[in-house]
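Residues per chain, in single letters:
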Amino acid sequence: MSYKNENEAAPITGPALWSAQAHLPSVLGRQLIIERAEGGYVFTTDGRRLFDGTAGLWHANVGHARPELADAAHAQMLRLETYHVFGRYLNDRAVELGERLAAMSPVDDPKVILNSGGSDAIDVACKLARRHWQHAGHGDKTVILSREFAYHGLHAYGTSIAGLDFNRDGYGTESLVPETARVSTYDIDAVERTVHEIGADHIAALVAEPIQGTGGVITPAPGYLEGLQRICRENDILLIIDEVITGFGRTGHMFATERYGLQPDLITFAKGVTSGYAPLGGVLVAPHVWQPFYRDSDRTPMFRHGATYSGHATACAVALRNLDILDEEKLVPRVGELEQLLVRELDALAGHEAVVETRVAGLLGGVGLVDDVSAEAVTDELVEHGFVTRPLRGNTVQISPPFITTDDELRQLVAAIGAVLDARAAR
Ligand code: PLP
(Lines give C-alpha, C1' and ligand atoms only; values in the text may rest on other atoms or scores of the structure.)
Protein backbone atom coordinates (compact mmCIF):
# COMPACT_ATOMS: atom_id res chain seq x y z
CA MET A 1 0.00 0.00 0.00
CA SER A 2 1.32 3.46 -0.92
CA TYR A 3 0.65 6.60 1.09
CA LYS A 4 1.77 8.84 -1.79
CA ASN A 5 -0.87 10.91 -3.56
CA GLU A 6 0.37 11.92 -7.03
CA ASN A 7 -2.06 14.86 -7.14
CA GLU A 8 -0.69 16.57 -4.04
CA ALA A 9 0.71 20.10 -4.48
CA ALA A 10 4.43 20.47 -3.85
CA PRO A 11 5.29 21.64 -0.33
CA ILE A 12 6.38 25.25 0.16
CA THR A 13 9.61 25.66 2.06
CA GLY A 14 10.10 28.03 4.96
CA PRO A 15 11.98 28.27 8.24
CA ALA A 16 12.85 25.00 9.96
CA LEU A 17 10.64 26.12 12.85
CA TRP A 18 7.12 24.67 12.42
CA SER A 19 4.77 27.47 13.50
CA ALA A 20 2.06 26.60 16.00
CA GLN A 21 -1.64 26.96 15.14
CA ALA A 22 -0.84 28.20 11.63
CA HIS A 23 -2.23 27.23 8.22
CA LEU A 24 1.28 27.13 6.81
CA PRO A 25 0.60 27.94 3.13
CA SER A 26 -1.26 31.07 4.31
CA VAL A 27 1.56 32.41 6.47
CA LEU A 28 4.78 31.28 4.80
CA GLY A 29 6.51 34.20 3.12
CA ARG A 30 4.73 36.80 5.27
CA GLN A 31 5.69 35.78 8.79
CA LEU A 32 6.48 38.54 11.26
CA ILE A 33 9.55 37.80 13.34
CA ILE A 34 9.65 39.70 16.64
CA GLU A 35 13.23 40.33 17.74
CA ARG A 36 12.82 42.64 20.72
CA ALA A 37 10.26 44.54 22.76
CA GLU A 38 9.87 47.43 25.13
CA GLY A 39 6.87 47.94 27.38
CA GLY A 40 3.80 47.80 25.18
CA TYR A 41 5.71 47.66 21.87
CA VAL A 42 7.33 44.87 19.87
CA PHE A 43 9.90 45.27 17.09
CA THR A 44 10.21 43.00 14.04
CA THR A 45 13.29 41.92 12.10
CA ASP A 46 12.00 43.92 9.10
CA GLY A 47 12.08 47.15 11.09
CA ARG A 48 8.48 47.58 12.28
CA ARG A 49 7.51 48.98 15.67
CA LEU A 50 4.09 47.58 16.63
CA PHE A 51 1.87 48.36 19.61
CA ASP A 52 1.03 45.00 21.16
CA GLY A 53 -2.74 45.20 21.35
CA THR A 54 -3.04 41.59 22.53
CA ALA A 55 -0.17 41.39 25.07
CA GLY A 56 1.13 38.50 22.95
CA LEU A 57 -1.24 35.66 23.75
CA TRP A 58 -2.78 37.49 26.73
CA HIS A 59 0.45 37.00 28.63
CA ALA A 60 2.54 40.20 28.80
CA ASN A 61 0.41 41.86 31.47
CA VAL A 62 3.19 43.99 33.02
CA GLY A 63 4.62 44.82 29.59
CA HIS A 64 7.55 43.33 27.70
CA ALA A 65 11.28 43.12 28.41
CA ARG A 66 11.30 44.43 31.97
CA PRO A 67 14.73 44.44 33.66
CA GLU A 68 13.29 43.57 37.11
CA LEU A 69 12.08 40.23 35.80
CA ALA A 70 15.30 39.54 33.91
CA ASP A 71 17.19 40.30 37.14
CA ALA A 72 14.97 37.93 39.14
CA ALA A 73 15.66 35.10 36.66
CA HIS A 74 19.40 35.88 36.56
CA ALA A 75 19.76 35.93 40.35
CA GLN A 76 17.79 32.71 40.74
CA MET A 77 19.76 30.85 38.06
CA LEU A 78 23.03 31.78 39.76
CA ARG A 79 21.67 30.35 43.04
CA LEU A 80 19.66 27.35 41.79
CA GLU A 81 18.22 26.97 38.30
CA THR A 82 15.67 24.49 39.60
CA TYR A 83 15.16 21.35 41.59
CA HIS A 84 12.26 19.00 41.13
CA VAL A 85 9.37 18.71 43.57
CA PHE A 86 9.04 14.91 43.42
CA GLY A 87 8.84 12.75 46.52
CA ARG A 88 10.47 14.33 49.56
CA TYR A 89 12.31 17.00 47.51
CA LEU A 90 11.12 20.55 47.02
CA ASN A 91 12.79 23.82 46.12
CA ASP A 92 12.43 26.94 48.23
CA ARG A 93 11.10 29.18 45.45
CA ALA A 94 8.28 26.78 44.60
CA VAL A 95 7.35 26.57 48.28
CA GLU A 96 7.34 30.37 48.55
CA LEU A 97 5.23 30.80 45.43
CA GLY A 98 2.79 28.15 46.69
CA GLU A 99 2.30 30.13 49.93
CA ARG A 100 1.90 33.39 48.03
CA LEU A 101 -0.69 31.98 45.63
CA ALA A 102 -2.56 30.25 48.44
CA ALA A 103 -2.76 33.56 50.33
CA MET A 104 -4.21 35.41 47.34
CA SER A 105 -6.45 32.56 46.13
CA PRO A 106 -10.21 33.11 45.92
CA VAL A 107 -10.58 29.45 46.98
CA ASP A 108 -10.07 29.25 50.75
CA ASP A 109 -7.19 27.18 52.11
CA PRO A 110 -6.11 25.70 48.77
CA LYS A 111 -3.18 23.52 47.81
CA VAL A 112 -1.25 24.69 44.78
CA ILE A 113 -0.01 22.43 41.99
CA LEU A 114 2.61 24.04 39.74
CA ASN A 115 3.57 23.07 36.21
CA SER A 116 4.65 24.75 33.01
CA GLY A 117 1.60 26.31 31.34
CA GLY A 118 -2.13 26.47 30.77
CA SER A 119 -2.54 23.28 28.73
CA ASP A 120 -0.59 21.45 31.43
CA ALA A 121 -2.84 22.93 34.12
CA ILE A 122 -5.92 21.68 32.29
CA ASP A 123 -4.47 18.17 32.03
CA VAL A 124 -3.79 18.20 35.77
CA ALA A 125 -7.22 19.54 36.72
CA CYS A 126 -9.10 17.02 34.58
CA LYS A 127 -6.98 14.09 35.77
CA LEU A 128 -7.34 15.20 39.38
CA ALA A 129 -11.13 15.48 39.02
CA ARG A 130 -11.32 11.91 37.73
CA ARG A 131 -8.87 10.67 40.39
CA HIS A 132 -10.96 12.38 43.07
CA TRP A 133 -14.10 10.48 42.15
CA GLN A 134 -12.30 7.15 41.67
CA HIS A 135 -10.88 7.44 45.15
CA ALA A 136 -14.25 8.45 46.57
CA GLY A 137 -15.71 5.19 45.21
CA HIS A 138 -17.66 6.76 42.33
CA GLY A 139 -15.90 4.85 39.57
CA ASP A 140 -18.43 5.87 36.91
CA LYS A 141 -17.84 9.60 37.31
CA THR A 142 -15.39 10.04 34.43
CA VAL A 143 -16.96 12.49 31.93
CA ILE A 144 -15.49 15.99 31.66
CA LEU A 145 -17.92 18.65 30.40
CA SER A 146 -16.84 21.85 28.70
CA ARG A 147 -18.64 24.72 26.96
CA GLU A 148 -19.18 25.11 23.24
CA PHE A 149 -16.58 27.56 21.82
CA ALA A 150 -14.25 26.79 24.75
CA TYR A 151 -10.47 26.86 24.46
CA HIS A 152 -8.45 25.08 27.13
CA GLY A 153 -5.14 24.65 25.36
CA LEU A 154 -4.07 21.84 23.09
CA HIS A 155 -2.56 19.08 25.21
CA ALA A 156 -4.47 15.83 25.10
CA TYR A 157 -7.17 16.95 27.53
CA GLY A 158 -7.42 20.47 26.10
CA THR A 159 -7.85 18.98 22.62
CA SER A 160 -10.49 16.57 23.89
CA ILE A 161 -12.60 19.22 25.65
CA ALA A 162 -12.19 21.87 22.94
CA GLY A 163 -15.49 23.63 22.26
CA LEU A 164 -14.05 24.96 19.01
CA ASP A 165 -14.64 21.82 16.96
CA PHE A 166 -11.75 22.46 14.58
CA ASN A 167 -9.36 21.98 17.50
CA ARG A 168 -10.93 18.60 18.36
CA ASP A 169 -11.35 17.26 14.82
CA GLY A 170 -8.97 15.12 12.80
CA TYR A 171 -7.66 12.63 15.32
CA GLY A 172 -9.92 9.74 14.46
CA THR A 173 -12.22 9.86 17.45
CA GLU A 174 -14.69 12.43 18.71
CA SER A 175 -12.56 12.99 21.82
CA LEU A 176 -8.85 12.18 22.02
CA VAL A 177 -9.24 11.36 25.71
CA PRO A 178 -12.54 9.47 25.92
CA GLU A 179 -15.58 10.64 27.84
CA THR A 180 -15.99 14.34 27.25
CA ALA A 181 -19.05 16.35 26.16
CA ARG A 182 -20.00 19.93 25.39
CA VAL A 183 -22.66 22.08 27.08
CA SER A 184 -24.35 25.26 25.91
CA THR A 185 -22.39 28.48 26.33
CA TYR A 186 -25.43 30.72 26.64
CA ASP A 187 -28.40 28.70 27.89
CA ILE A 188 -28.22 27.42 31.46
CA ASP A 189 -31.41 25.34 31.08
CA ALA A 190 -29.78 23.55 28.15
CA VAL A 191 -26.73 22.86 30.35
CA GLU A 192 -29.00 21.29 32.94
CA ARG A 193 -30.67 19.11 30.29
CA THR A 194 -27.28 17.86 29.04
CA VAL A 195 -26.24 16.99 32.59
CA HIS A 196 -29.44 14.99 33.07
CA GLU A 197 -29.10 13.27 29.67
CA ILE A 198 -25.54 12.11 30.44
CA GLY A 199 -26.40 11.47 34.07
CA ALA A 200 -24.66 13.16 36.97
CA ASP A 201 -23.41 9.74 38.12
CA HIS A 202 -21.14 9.73 35.06
CA ILE A 203 -19.81 13.30 35.24
CA ALA A 204 -16.57 14.14 37.05
CA ALA A 205 -16.20 17.85 36.31
CA LEU A 206 -17.28 20.81 34.26
CA VAL A 207 -14.57 23.14 32.94
CA ALA A 208 -15.39 26.74 32.07
CA GLU A 209 -13.56 29.91 31.14
CA PRO A 210 -15.33 32.76 32.96
CA ILE A 211 -14.93 34.85 29.80
CA GLN A 212 -14.29 32.81 26.69
CA GLY A 213 -11.18 34.23 25.10
CA THR A 214 -10.28 32.39 21.90
CA GLY A 215 -13.99 31.66 21.41
CA GLY A 216 -14.44 35.37 20.68
CA VAL A 217 -14.32 37.27 24.02
CA ILE A 218 -17.71 35.91 25.04
CA THR A 219 -18.70 37.52 28.32
CA PRO A 220 -21.04 35.42 30.49
CA ALA A 221 -24.78 36.03 30.26
CA PRO A 222 -26.13 37.36 33.58
CA GLY A 223 -26.55 34.42 35.97
CA TYR A 224 -24.90 31.91 33.62
CA LEU A 225 -21.76 31.23 35.68
CA GLU A 226 -23.75 31.19 38.92
CA GLY A 227 -26.07 28.71 37.19
CA LEU A 228 -23.12 26.46 36.28
CA GLN A 229 -22.00 26.54 39.90
CA ARG A 230 -25.48 25.63 41.15
CA ILE A 231 -25.81 22.73 38.69
CA CYS A 232 -22.37 21.43 39.70
CA ARG A 233 -23.20 21.64 43.41
CA GLU A 234 -26.59 19.98 43.03
CA ASN A 235 -25.14 17.13 40.98
CA ASP A 236 -21.81 16.48 42.70
CA ILE A 237 -19.80 17.68 39.70
CA LEU A 238 -16.50 19.45 40.34
CA LEU A 239 -16.39 22.98 38.90
CA ILE A 240 -13.06 23.86 37.26
CA ILE A 241 -12.77 27.54 36.41
CA ASP A 242 -10.09 28.11 33.77
CA GLU A 243 -8.42 31.42 34.65
CA VAL A 244 -5.48 30.98 32.28
CA ILE A 245 -6.38 34.28 30.58
CA THR A 246 -8.33 36.01 33.33
CA GLY A 247 -6.11 35.21 36.34
CA PHE A 248 -3.83 37.86 37.83
CA GLY A 249 -5.78 40.95 37.01
CA ARG A 250 -7.04 40.82 33.42
CA THR A 251 -10.63 41.55 34.52
CA GLY A 252 -9.77 44.25 37.06
CA HIS A 253 -9.93 41.65 39.86
CA MET A 254 -7.04 39.40 40.78
CA PHE A 255 -9.23 36.49 39.58
CA ALA A 256 -12.42 36.58 37.51
CA THR A 257 -13.77 34.10 40.05
CA GLU A 258 -13.99 37.10 42.42
CA ARG A 259 -15.58 39.33 39.80
CA TYR A 260 -18.40 36.82 39.38
CA GLY A 261 -18.59 35.71 43.04
CA LEU A 262 -17.80 32.04 42.34
CA GLN A 263 -16.42 29.32 44.63
CA PRO A 264 -14.96 26.72 42.25
CA ASP A 265 -13.38 23.44 43.32
CA LEU A 266 -10.35 23.94 41.09
CA ILE A 267 -8.88 26.98 39.34
CA THR A 268 -6.36 26.67 36.51
CA PHE A 269 -3.94 29.53 35.85
CA ALA A 270 -0.84 30.30 33.72
CA LYS A 271 0.15 33.28 31.51
CA GLY A 272 -0.31 36.27 33.89
CA VAL A 273 1.32 34.51 36.85
CA THR A 274 4.71 35.34 35.30
CA SER A 275 3.47 37.78 32.62
CA GLY A 276 5.04 35.27 30.26
CA TYR A 277 8.63 35.85 31.43
CA ALA A 278 8.89 32.14 32.23
CA PRO A 279 6.65 29.21 31.35
CA LEU A 280 4.55 28.49 34.43
CA GLY A 281 1.01 27.41 35.16
CA GLY A 282 -0.84 25.57 37.85
CA VAL A 283 -3.99 24.63 39.68
CA LEU A 284 -5.52 25.90 42.91
CA VAL A 285 -7.23 22.98 44.64
CA ALA A 286 -10.01 23.33 47.23
CA PRO A 287 -9.72 21.46 50.57
CA HIS A 288 -12.34 18.78 49.90
CA VAL A 289 -10.36 17.78 46.79
CA TRP A 290 -6.87 17.83 48.34
CA GLN A 291 -7.65 16.44 51.79
CA PRO A 292 -8.11 12.78 50.77
CA PHE A 293 -4.52 12.81 49.46
CA TYR A 294 -3.15 14.27 52.71
CA ARG A 295 -4.71 11.92 55.28
CA ASP A 296 -2.28 10.24 57.67
CA SER A 297 -2.99 6.68 56.61
CA ASP A 298 -1.27 4.01 54.56
CA ARG A 299 -4.51 3.73 52.57
CA THR A 300 -4.09 7.34 51.38
CA PRO A 301 -3.57 7.39 47.59
CA MET A 302 -0.98 9.35 45.59
CA PHE A 303 -1.94 11.68 42.81
CA ARG A 304 0.53 10.33 40.28
CA HIS A 305 1.20 13.43 38.29
CA GLY A 306 4.26 15.63 37.92
CA ALA A 307 6.97 16.69 35.50
CA THR A 308 10.61 17.67 35.73
CA TYR A 309 9.61 21.32 35.60
CA SER A 310 6.69 21.21 38.05
CA GLY A 311 7.55 24.10 40.37
CA HIS A 312 10.56 25.23 38.29
CA ALA A 313 12.59 27.43 40.65
CA THR A 314 13.50 30.12 38.12
CA ALA A 315 9.94 30.34 36.82
CA CYS A 316 8.72 30.65 40.43
CA ALA A 317 11.26 33.41 41.21
CA VAL A 318 10.03 35.30 38.16
CA ALA A 319 6.40 34.80 39.20
CA LEU A 320 7.11 36.17 42.70
CA ARG A 321 8.68 39.31 41.25
CA ASN A 322 5.87 39.67 38.72
CA LEU A 323 3.28 39.52 41.52
CA ASP A 324 5.27 42.23 43.37
CA ILE A 325 5.09 44.44 40.27
CA LEU A 326 1.31 43.98 39.98
CA ASP A 327 1.03 45.22 43.61
CA GLU A 328 3.68 47.96 43.53
CA GLU A 329 2.30 49.55 40.37
CA LYS A 330 -1.36 48.98 41.35
CA LEU A 331 -1.91 47.40 37.95
CA VAL A 332 -5.06 45.46 38.85
CA PRO A 333 -7.07 48.58 39.80
CA ARG A 334 -5.55 50.25 36.74
CA VAL A 335 -7.22 47.55 34.62
CA GLY A 336 -10.52 48.66 36.14
CA GLU A 337 -9.89 52.22 34.88
CA LEU A 338 -8.83 50.98 31.45
CA GLU A 339 -11.98 48.85 31.27
CA GLN A 340 -14.16 51.95 31.63
CA LEU A 341 -12.21 53.73 28.92
CA LEU A 342 -12.39 50.68 26.63
CA VAL A 343 -16.16 50.48 27.12
CA ARG A 344 -16.53 54.16 26.14
CA GLU A 345 -14.26 53.83 23.10
CA LEU A 346 -15.94 50.65 21.87
CA ASP A 347 -19.41 52.11 22.45
CA ALA A 348 -18.44 54.82 19.98
CA LEU A 349 -17.18 52.19 17.50
CA ALA A 350 -20.30 50.04 17.93
CA GLY A 351 -22.28 52.34 15.61
CA HIS A 352 -19.98 51.56 12.67
CA GLU A 353 -21.74 49.72 9.84
CA ALA A 354 -19.06 47.00 9.86
CA VAL A 355 -19.50 46.27 13.59
CA VAL A 356 -22.11 43.80 14.83
CA GLU A 357 -21.28 43.94 18.51
CA THR A 358 -18.56 44.97 20.95
CA ARG A 359 -17.85 43.04 24.14
CA VAL A 360 -15.71 44.05 27.13
CA ALA A 361 -14.81 42.55 30.50
CA GLY A 362 -11.80 44.14 32.15
CA LEU A 363 -9.01 44.77 29.68
CA LEU A 364 -10.41 42.08 27.44
CA GLY A 365 -12.33 43.36 24.47
CA GLY A 366 -13.76 41.95 21.28
CA VAL A 367 -15.12 43.73 18.20
CA GLY A 368 -17.48 41.44 16.29
CA LEU A 369 -17.62 42.31 12.58
CA VAL A 370 -20.23 41.73 9.88
CA ASP A 371 -19.67 38.65 7.74
CA ASP A 372 -18.31 40.41 4.67
CA VAL A 373 -15.61 42.26 6.62
CA SER A 374 -13.06 39.64 7.61
CA ALA A 375 -11.52 40.06 11.06
CA GLU A 376 -8.42 38.35 9.73
CA ALA A 377 -8.04 40.88 6.92
CA VAL A 378 -8.66 43.74 9.37
CA THR A 379 -5.95 42.49 11.73
CA ASP A 380 -3.54 42.19 8.79
CA GLU A 381 -4.26 45.80 7.82
CA LEU A 382 -3.83 46.93 11.42
CA VAL A 383 -0.23 45.69 11.28
CA GLU A 384 0.35 48.20 8.46
CA HIS A 385 -0.96 50.90 10.87
CA GLY A 386 1.43 49.73 13.61
CA PHE A 387 -0.87 47.59 15.77
CA VAL A 388 -0.93 43.90 16.69
CA THR A 389 -4.45 42.51 17.14
CA ARG A 390 -5.77 39.01 16.51
CA PRO A 391 -8.76 37.50 14.75
CA LEU A 392 -10.83 35.26 17.02
CA ARG A 393 -13.81 32.99 16.40
CA GLY A 394 -17.01 34.80 15.50
CA ASN A 395 -15.21 37.19 13.13
CA THR A 396 -13.98 39.08 16.18
CA VAL A 397 -10.97 41.38 16.58
CA GLN A 398 -9.26 40.90 19.94
CA ILE A 399 -8.20 43.83 22.13
CA SER A 400 -6.21 43.00 25.25
CA PRO A 401 -3.08 45.13 25.62
CA PRO A 402 -0.71 45.03 28.61
CA PHE A 403 -1.93 46.62 31.87
CA ILE A 404 0.74 49.35 31.55
CA THR A 405 -1.06 50.75 28.49
CA THR A 406 -1.74 54.49 28.65
CA ASP A 407 -5.17 56.00 27.99
CA ASP A 408 -3.84 57.46 24.75
CA GLU A 409 -2.48 54.16 23.52
CA LEU A 410 -5.82 52.46 24.14
CA ARG A 411 -7.66 55.26 22.33
CA GLN A 412 -5.21 55.02 19.41
CA LEU A 413 -5.71 51.27 19.17
CA VAL A 414 -9.50 51.58 18.95
CA ALA A 415 -9.18 54.55 16.58
CA ALA A 416 -6.92 52.47 14.30
CA ILE A 417 -9.59 49.74 14.12
CA GLY A 418 -12.13 52.44 13.22
CA ALA A 419 -9.81 53.87 10.56
CA VAL A 420 -9.26 50.45 8.95
CA LEU A 421 -13.02 49.81 8.91
CA ASP A 422 -13.65 53.26 7.40
CA ALA A 423 -11.02 52.70 4.70
CA ARG A 424 -12.57 49.35 3.76
CA ALA A 425 -16.07 50.88 3.63
CA ALA A 426 -14.79 53.62 1.30
CA ARG A 427 -13.24 51.14 -1.19
N1 PLP B 1 -6.94 27.87 28.86
C2 PLP B 1 -7.26 29.02 28.28
C3 PLP B 1 -8.54 29.70 28.68
C4 PLP B 1 -6.43 29.61 27.34
O5 PLP B 1 -6.79 30.74 26.72
C6 PLP B 1 -5.22 28.96 27.03
C7 PLP B 1 -4.29 29.56 26.05
O8 PLP B 1 -4.57 30.56 25.42
C9 PLP B 1 -4.93 27.75 27.65
C10 PLP B 1 -5.80 27.22 28.57
C11 PLP B 1 -3.67 27.02 27.31
O12 PLP B 1 -2.56 27.67 27.86
P13 PLP B 1 -1.11 27.43 27.26
O14 PLP B 1 -1.12 28.00 25.89
O15 PLP B 1 -0.21 28.14 28.24
O16 PLP B 1 -0.85 25.96 27.26
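Residues numbered from 1 in each chain as written. Predicted model: local features only at pLDDT ≥ 70, side-chain atom pairs only at ≥ 80, totals over all residues. Heavy atoms only, no water.

Engineer: Can you lay out the domain arrangement of the protein for me, pointing to particular residues and giving the numbers?
Structural biologist: When the domains of the protein are assigned, the result is domain 1 (24-62 + 330-426) and domain 2 (68-328). Between domain 1 and domain 2, the residue contacts involve 29 residues of the former and 33 residues of the latter. Carbon and sulfur atoms supply 61% of the area that domain 1 and domain 2 bury against each other, a total of about 2300 Å² over both sides. On inspection of domain 1 and its partner domain 2, the count reaches 1 salt bridge. There are 14 residue pairs in polar contact (both at pLDDT 80 or more) connecting domain 1 and domain 2. Those elements that provide at least two residues to the side of domain 1 that touches domain 2 are α2 (55-58), α13 (331-349), β11 (355-360), β12 (365-369) and β14 (390-392). In terms of residue class, the side of domain 1 that touches domain 2 is built from 16 nonpolar, 8 polar and 5 charged. (Domains from an automatic or database assignment. Contact = heavy atoms within 4.5 Å. Buried area = accessible area lost by both parts, 1.4 Å probe. Salt bridge = Lys/Arg side-chain N within 4 Å of Asp/Glu carboxyl O. Polar contact = N/O pair within 3.5 Å; in protein donor to acceptor, adjacent residues only side chain to side chain. Helix = DSSP H or I, 4+ residues; strand = E, 2+ residues; numbered from the N terminus. Nonpolar A, V, L, I, M, F, W, Y, C, P; charged D, E, K, R; others polar.)

Engineer: Go over helix α9 (residues 224-234), please, and point to the residues and values.
Structural biologist: Given 3.6 residues per helical turn, the α-helix brings residues three or four places apart onto the same face. Residues of α9 that are buried: Tyr-224, Leu-225, Gly-227, Leu-228, Gln-229, Ile-231 and Cys-232. Among the structural elements, β5 (143-147), β6 (180-183), α8 (188-198), β7 (203-208) and β8 (238-242) are those in contact with the buried residues of α9. Of the residues one or two after α9, Asp-236 is the one with positive phi, at around 50 degrees. (Buried < 20%, exposed > 50% of the residue type's maximum accessible area, 1.4 Å probe, protein only.)

Engineer: Please set out the sheet that holds strand β1 (residues 34-38) residue by residue, giving values where relevant.
Structural biologist: What the 4 strands build is an open sheet, ordered β1-β2-β3-β13; its pairing is mixed. In this open sheet, the two edge strands, each paired with only one partner strand, are β1 and β13 (387-388). Bridge count for β1 against strand β2 (residues 41-44) is 4 bridges, and the pairing is antiparallel. Within the sheet, the bridge partner assigned to Glu-38 lies in β2 and is Tyr-41. (Pairing = 2+ DSSP bridges.)

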